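An overview of the molecular structure
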Amino acid sequence: QVQLVESGGGLVQPGGSLRLSCAASGRTFSRYGMGWFRQASGKEREFVAFISGSGGYTYYADSVKGRFTISRDNAKNTVHLQMNSLKPEDTAVYHCAAAPNYSSGGTYYYRTSSYDCWGQGTQVTVSS
């Protein structure tokens, strides 16, 4: 199992950019599919983006497609989420998560139940 720690959140104006990072411990990082989820106040946690173990497959929620980019560096055990053209509705706590059975992608990458390890989250606030 891996342990995950997010960083990079903060306050940004609409239209701005942020880059979130997730540092993972453990020797088998490349065997995990990695996802980013977010949870706004009073709402359920929702899927944002997924990347397979090798980085060959990526998927995005429709609400962020074309604005966000997920990437990973297996040599450094990190996964990133580059967020551009941010909107107030992107405000949430962002969590990274590891899916042990999704190293090559899979059908239910968007479900929280596919992930067995979560970080504590980092706050992103988009406001003028």
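Okay, so let's go over this structure. (Residues numbered from 1 in each chain as written. Predicted model: local features only at pLDDT ≥ 70, side-chain atom pairs only at ≥ 80, totals over all residues. Heavy atoms only, no water.)

Among the 7 residues of strand E3 (residues 18-24), 5 are classified as buried, and the element is accordingly described as predominantly covered. Judged from the 4 bridges that link them, strand E1 (residues 4-7) and E3 form a sheet pairing that is antiparallel. Bridge pairing in E3 links Val5 to Ala23. Looking at chain direction, E3 and strand E8 (residues 78-83) are connected through 6 bridges and run antiparallel. Note on E8: the bridge partner recorded for Ser21 is His80. (Buried < 20%, exposed > 50% of the residue type's maximum accessible area, 1.4 Å probe, protein only. Helix = DSSP H or I, 4+ residues; strand = E, 2+ residues; numbered from the N terminus. Pairing = 2+ DSSP bridges.)

On inspection of all chains with the given rule, the structure shows 1 disulfide. Residue pairing for Cys22: its cysteine sulfur links by disulfide to Cys96, the two sulfurs lying 2.0 Å apart. The sign of the 55° torsion about the S-S bond sets the Cys22-Cys96 disulfide as right-handed. Residue Cys22 is located in strand E3, and its partner Cys96 is located in strand E9 (residues 92-99); the two are separated by 74 residues in the primary sequence. By relative accessible area, Cys96 is classed as buried at 0%. (Disulfide = S-S within 2.5 Å.)

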